[in-house]
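# Close look at the chain arrangement
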Amino acid sequence: MKKQATSVLAFLLGISLVTGCGNQNGGDTLTQTNGDVKSAQPNTVVSNLIESTNPSENAESTESDGNNGNASGNGIASDSAGGSGTINVLANIKNKYASAAVDSPNEFNEPIYNLANDYVFTFDCNADAFSSVHDNVFGVYTTIDFENPDKYIRNCASCYLENGKFIVEPATVDNFYDIPESTLTADTDTYGAWKTESDGTWGGLNKLYLVQKYDLQTGEKLAKPIITPFSIHHDIESTTVKQKIDSNNNYYLEWTPVNGASAYLVYQINDDAFHLVSKTTDTKTSSDNFMGQLHSNMWSEIVNKELQENGYDTTTSEKITMNADLHNHKNSKFAVVAVKNGQTSGISNIVDSNELADLLPYQVADNNMEITINTVTDIPAYVNMTTVNDKTMQMVINYHGCTAKFEDESSTTFYLYPTVYRTDLSPFRITVHGMSYDDFKATCDQVGERQDKITSKMPGENVETNVNVPNVPGQEEETSTTQKIEENTGVDPTTPSEPTTPEEPTNQVEPTDPEEPQEPGEFVSPEEPTNQVEPTTPEEPTDQVEPTTPEEPTNQVEPTTPEEPTNQVEPTTPEEPTNQVEPTTPEEPTNQVEPSTPEEPATPSQVTTNSTNELMNEVAYAVNTNLTMLQDQSGVSIDQVLFAQSPLEEWIAYCLIARSEYIPVPYSEFPEGADVEGTASKILSMYRQNPTSGVISDIKYSYDYETFLIEYADDTNDRLSKSVEELKKAMEVANTVAYGLGEYDSIVALNDYFCANASYDESSMSTEVDMNSLTQSFIDAHTPYGILCNNYGVCESYSEAMALAGRCAGLNVIIETGDLYGAGGHEWNRVSIDGNWCILDITNNDSELVPNGLCNITDSMATELLIPDKQAFLFDASAFTDSYEYYHVKGDYVESVTDLANKLKEQLNSDNVAHVRCGQGISEEDVTSVCQQLYNEGYNINEGYFVYNIAVLSK
């Protein structure tokens, strides 16, 4: 197919590091055996991966002898050799995963979009195999995670056997009934509008998941259920909802606008009950506006009285709890319905607040705290907060603007009324004993200075990537994304590929051979298709085999297409075969069933597969070029620093590191890409784990192209050049600091190197974030370049520098995101020592007060301090053992108060500062008591702190 004037290949190569890429001969390709392409292992998700080659390559290719993958099970390469030679990402992925089973609980079928609301699925089967079990062979579920009891799960289907076929039709579904617009007011009762019932349709939800659980020929239960996502057509498009946390730690929902909508109804789902919690004309609403919260903003009587006596205005900002609806109705899910012209839209996607529950404060655990102090620094810096799921998190106390109450200035009992930092909660009370108010007032500046020192390293406004991935096709945002891809690529997904006979494989596009080889470094002409492999002839066996006939069904579900054409593409005629499936020979039935199919138009994916695969080939060529240059110019193997755990993740990671604006995820190559929302989460995860990709501002998706569009906030040429410098410096640090050391010593050495040689960029954290106009210094401070090359950055830069340097040193290092003291986005590492994961927060280890306080700690030690974002962390790296914790290894860990006193004395006898980690049985009151004991014994104690469960005393 001849393309328009501008191809994505030319567009992407225009952002390469240098003008040319050198000789591409000798790149990684599939092994050739007697002229036949060697097939991958059957039933693997990479069996169809298209081979991407340079159009100037010779026809005869050689097998790569380079490092084509990450050696460890966690995706970290152990080979520390420098990079050289041409990279071929698709061949790398195929070679690496060909014989390895991908750890996925499910298989996927190609999605089907815009089905009629009363559509009925039918499947051929061996009826004799289902004499007893038949009603549970298929299910249609409200979530892809259909076995997770914490999700909103409903089986919406009735499944039965009839005349040798399985029939799957609607049963009990979620319906939302239209509300006359004239009656929609703030007091309208819409509780009964959402019902679960059986009315012969698939209901109001936009996307459902057909799940096959049994082999249709043998009747045996499948080891991996086969999931087919499908969407339902609604007259009024639905919205796509996202859940977020604002700068004051309030939960809120945000959704895409529906054109012409006059209002939006927000529903809370608990135990299959649906509660209207908000009505708005806006496209977002916070938990403060949920009806339960409006009834919870009440002062405690004692605090209310005392604040009034001290002149505090209690008629406004009356808030002693936050996120109350989420606390009172745990595991809440939310969905939004748009109202337009007296009718309601389909129900949006359902979001689960439990994914953020650990990060959401509810109230101060003790609203009337009582303490005894000897010095002003004994005033607590942190307060325990109860979260909406009744866990505990620590947050910073805000003493700025604090109100005080006292009988007289000599009184040794007085009251403070501070607030909680990064919340809009009202003040709580601290009763203080043991120090006169007059003495406290004279030295209270130390409390404010301490707070400022703590908060200076706390996250400011988040650099947030906006994910605009609609849950179904056809929404306005998705349409504009498709148009942008067409404008930049010239590939038209609505143009069917040339018809082919069944004997000619259609997943591979016949290339136009260039009349003359391209010179190294030249752009490939848009008129000359690139990266496409000459398909084999029918006589030469390949990965693609003869399709089965309708009379010889197989076992995987390929649902029949709708009898009405969808509104996405120009359908092909039934006589023109498409390339939707990977056919199998009649002699070798597989686990996939092809139901009997009437003469119907092709589904959208059938007519777009060639254009999507063509786009993937072009993207892969540009990615190969940029990665090869990164590797050659830095001397570091890309695979050594890359993190991925599956073929799809590896493809995404390669694209991001190479700064591709397009990440095609065709179902024919990556079946798990059928889970569009899950793939978007993988993109975010790979973005975090592969930090040389820079700063992503926006992620969009085109259903027509099965392609994600990535928008970067920083300049690509500059980013690729800085990636080279980052990789060079990371390898230099690894070789200088960690060479020849074991895992524990390497981790501590790298930690100490960054603490000694880098500084925290406090000015960057105070910068107001505008993703459209980020300064270069701000970007540097939030990428590995800041700490590695400028010795200056914020938490992202610390953790990402450690990831690169650690991987260059042969360590398993990953990056984790979440909250620090409820102050918003924070980033740290997890490192593996002897196969055991530990938590490493270099940003906070770089502390004069508590050096290395968060060095190789466990999950239990990090509780209340570092709170992972469950939405961002897609793999298990639980940290259980304290054997590698820094103070344990040093011998400065105690579990009894007596041992604490002795260890503190031992250190104070030889130094002016003592640091001792305490077991969980030792409380802050115990540390205060020991401090008083040492003071009475003649130790001149100047300051005392209890931070991260570490007692700190200074003379």
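The rules behind these values
- Residues numbered from 1 in each chain as written.
- Predicted model: local features only at pLDDT ≥ 70, side-chain atom pairs only at ≥ 80, totals over all residues.
- Heavy atoms only, no water.
- Helix = DSSP H or I, 4+ residues; strand = E, 2+ residues; numbered from the N terminus.
- Buried < 20%, exposed > 50% of the residue type's maximum accessible area, 1.4 Å probe, protein only.
- Contact = heavy atoms within 4.5 Å.
- Areas by Shrake-Rupley, 256 points an atom, 1.4 Å probe, with all protein chains shown as cover.
- 1 Å grid on protein atoms, 1.4 Å probe; cavity = no way out; pocket = protein on both sides within 12 Å on 5 of 7 lines; lining within 4 Å.
- Points joined across faces, edges and corners; volume = space filled by probe spheres on them.
- Nonpolar A, V, L, I, M, F, W, Y, C, P; charged D, E, K, R; others polar.
- Salt bridge = Lys/Arg side-chain N within 4 Å of Asp/Glu carboxyl O.
- Phe/Tyr/Trp six-rings, centres within 6.5 Å; stacked < 30°, edge-to-face > 60°.
- Lys NZ or Arg CZ within 6 Å of the ring centre and 35° of its normal.
- Pairing = 2+ DSSP bridges.
- Expected span 1.5 Å × (residues − 1).
- Core = buried A, V, L, I, M, F, W, Y, C linked by side-chain atoms within 4.5 Å.
- Axes fitted to C-alpha atoms, helices over the stretch in contact; angles between N-to-C directions.
- Parallel < 35°, antiparallel > 145°, perpendicular 65-115°, else oblique.
- Left-handed = near helix turned anticlockwise from the far one by under 90°.
- Polar contact = N/O pair within 3.5 Å; in protein donor to acceptor, adjacent residues only side chain to side chain.

So, on to the overall build of the protein chain. Along the protein chain, the regular secondary structure elements total 23 helices and 41 strands. Residue burial in the protein chain is summarised as follows: out of 955 residues, 57% are buried. Once local pairs closer than 6 in sequence are excluded, the contacts in the protein chain between residues at least 24 apart make up 73%. Carbon and sulfur atoms provide 44% of the accessible area of the protein chain, an area that totals close to 37,800 Å².

Right, let's get into the layout of surface pockets. Here the second largest pocket is characterised by a volume of approximately 1,200 Å³. Lining the second largest pocket we find 48 residues, and of these Q394, S923, E924, F946 and N949 sit closest to its centre. Contributing elements (two or more residues each) for the lining of the second largest pocket: β22 (368–372), β23 (382–387), α7 (445–456), α20 (859–862), β39 (913–918), α23 (924–936) and β40 (943–947). Take the lining of the second largest pocket: its biggest share by element is five residues, from α23. Split by residue class, the lining of the second largest pocket holds 26 nonpolar, 13 polar and nine charged.

On to the pattern of salt bridges, then. In the structure shown here, the tally under the stated rule is 22 salt bridges. Of the charged contacts in the structure, one is a salt bridge between E254 and K244, with a shortest N-O distance of 2.7 Å. Here E254, found in strand β14 (residues 251–255), pairs with K244, found in strand β13 (residues 241–245); they are ten residues apart in sequence, far enough to count as distant. Judged by its relative accessible area of 14%, K244 is buried. Salt-bridge contacts for E649 lead to K682; the nearest nitrogen and oxygen are separated by 3.6 Å. Taken together, the positions of E649 in helix α11 (residues 647–657) and K682 in helix α12 (residues 676–689) put the pair 33 residues apart, joining distant regions of the chain. Taken together, the salt bridges that share partners define one network made up of R659, D714, R719 and E726.

Moving on: the packing of aromatic side chains. Taken as a whole and judged by the stated rule, the model has 21 aromatic pairs. Residues W202 and F230 carry aromatic rings whose centres are separated by 5.6 Å and whose planes lie at 70° to one another, so their mutual orientation is edge-to-face. One end of the pair, W202, is in the loop between β10 (194–197) and β11 (207–214); the other, F230, is in strand β12 (residues 221–232), and 28 residues separate them in sequence. Over the face of the ring belonging to Y712 we find R659, whose NZ or CZ atom lies 3.8 Å from the ring centre. Between the NZ or CZ atom of K722 and the centre of the ring of Y785, over which it lies, the distance is 4.6 Å.

A word on the pairing of strand β8 (residues 165–170). Where strand β5 (residues 121–124) and β8 come together, four bridges link them in antiparallel fashion. Paired with D124 across the strands is K165, a residue of β8. With six bridges connecting them, strand β7 (residues 157–162) and β8 associate as antiparallel partners. Among the inter-strand pairings, C159 is bridged to a residue of β8, identified as V168. Here β7 hands over to β8 after two residues, with N163 in that stretch at a positive phi of 55°.

Another point: helix α22 (residues 897–908). In this model α22 runs 16 Å from its N-terminal to its C-terminal C-alpha over twelve residues, within 8% of the 16 Å that 1.5 Å per residue would give. Residues L900, A901, K903, L904, K905, Q907 and L908 constitute the buried set of α22. Looking at the buried positions of α22, the neighbouring elements they touch are β38 (893–894), β39, α23 and β41 (950–954).

Take the nonpolar core next. Across soluble globular proteins, nonpolar side chains show a tendency to be buried alongside one another. Judged by nonpolar contacts, the single largest core of 119 residues is most densely connected at L627, W651, I663 and F708. Not counting residues within four places of it along the chain, the set of residues in contact with I663 comprises W651, I652, C655, L656, I683, E706, T707, F708 and I710. With 48 residues, the next largest nonpolar core counts I373, I397, Y399 and V432 among its residues.

Let us look at α12. Every α-helix winds through 3.6 residues per turn, so residues three or four apart in the chain are directed the same way. An ideal rise of 1.5 Å per residue puts 20 Å on 14 residues; α12 measures up with 20 Å between its terminal C-alpha atoms. Residues of α12 that are buried: V676, T679, A680, I683, L684, S685, M686, Y687 and Q689.

Another aspect to go through is the sheet that holds strand β29 (residues 696–702). Reading across from one edge, β27-β29-β30-β28 is the order of the four strands in this open sheet, with mixed pairing throughout. The open sheet has two free edges, formed respectively by β27 (466–468) and β28 (662–664), since each of these has just one partner strand. Here the strands of the sheet are splayed against their neighbours by 15° on average, with no regard to which way each runs. As paired strands, β27 and β29 are joined by three bridges and run parallel to one another.

Moving on: the packing of α22 against α23. Taken N-terminus to C-terminus, the directions of α22 and α23 make an angle of 50°; their axes are 10 Å apart at the nearest point. By the angle between their directions, the pair α22 and α23 is classed as oblique. Here the hand of the crossing between α22 and α23 comes out right-handed. Residues V897, L900, A901, L904, K905 and L908 of α22 form the contact with α23, whose participating residues are D926, V927, V930, Q933 and L934.

What follows covers the sheet that holds strand β37 (residues 866–868). Across the sheet, which stays open at both edges, the five strands sit in the order β36-β35-β34-β33-β37 with antiparallel pairing between neighbours. The sheet terminates laterally at β36 (855–857) and β37, the two strands that pair on one side only. For this sheet, the mean angle separating the axes of adjacent strands, direction not counted, is 50°. Where strand β35 (residues 836–840) lies against β36, two bridges are found, and the strand directions are antiparallel. In the sheet register, I839 faces β36, and the bridge partner there is I857. Contacts between helix α14 (residues 743–757) and the sheet are confined to β34 (825–833), β35 and β36, with β34 contributing the most and set at about 150° to the helix. In the packing of helix α18 (residues 795–808) onto the sheet, the strands contacted are β33 (813–820), β34 and β35, and the crossing angle to β34 comes to about 20°.

Located in the positive-phi region is N114, a residue other than glycine, with phi close to 60°. Tracing the backbone shows N114 in strand β4 (residues 112–115).

Right, let's talk about the packing of α11 against α12 for a bit. Packing of α11 against α12 brings their axes to within 9 Å, and their N-to-C directions diverge by 55°. With respect to α12, the axis of α11 lies oblique. In the packing of α11 onto α12, the handedness of the crossing is right-handed. Contact residues: α11 offers L648, E649, I652, A653 and L656, while α12 offers T679, K682, I683, M686 and Y687. Residue composition of the contact of α11 with α12, grouped by class: seven nonpolar, one polar and two charged.

In this structure, K207 sits in strand β11. Here the side chain of K207 touches Y703 through a polar contact of 3.5 Å, side chain to side chain.

With respect to the secondary-structure elements, K870 resides in the loop between β37 and α21 (886–890). With relative accessibility at 41%, the residue K870 sits in the partly exposed group. In this structure, the C-alpha to C-alpha distance between K870 and T817, residues 53 residues apart in sequence, is 9.0 Å. Apart from the residues within four sequence positions on either side, K870 is in contact with N354, E355 and D358.

Our focus in this paragraph is the pairing of β14. On a regular strand, one side chain projects to one face of the sheet and the next to the other, so that they alternate. With four of five residues buried, β14 lies mostly within the body of the structure. Taken together, the five bridges between β13 and β14 define a ladder with antiparallel strand orientation. What sits directly across from I245, in β14, is Y251. Turn length for the β13-β14 hairpin, with the two strands adjacent in sequence and antiparallel, is five residues, and the turn residue N249 shows positive phi of about 65°. Where β14 lies against strand β17 (residues 284–286), three bridges are found, and the strand directions are antiparallel. Paired with E254 across the two strands is K284, which belongs to β17.

What follows deals with the environment of A680. If you trace the backbone, A680 turns up in helix α12. Residue class for A680 comes out buried when judged on its relative accessible area of 5%. Along the backbone, A680 and N468 are 212 residues apart, and their C-alpha atoms lie at a distance of 9.4 Å. Not counting the four nearest positions on each side in its chain, A680 is found in contact with V467, V469 and F708.

A few words on the environment of L642. Its location among the elements puts L642 in the loop between α10 (638–641) and α11. Put simply, L642 and Y654 are twelve residues apart on the chain and 8.0 Å apart in space, counted from C-alpha to C-alpha.

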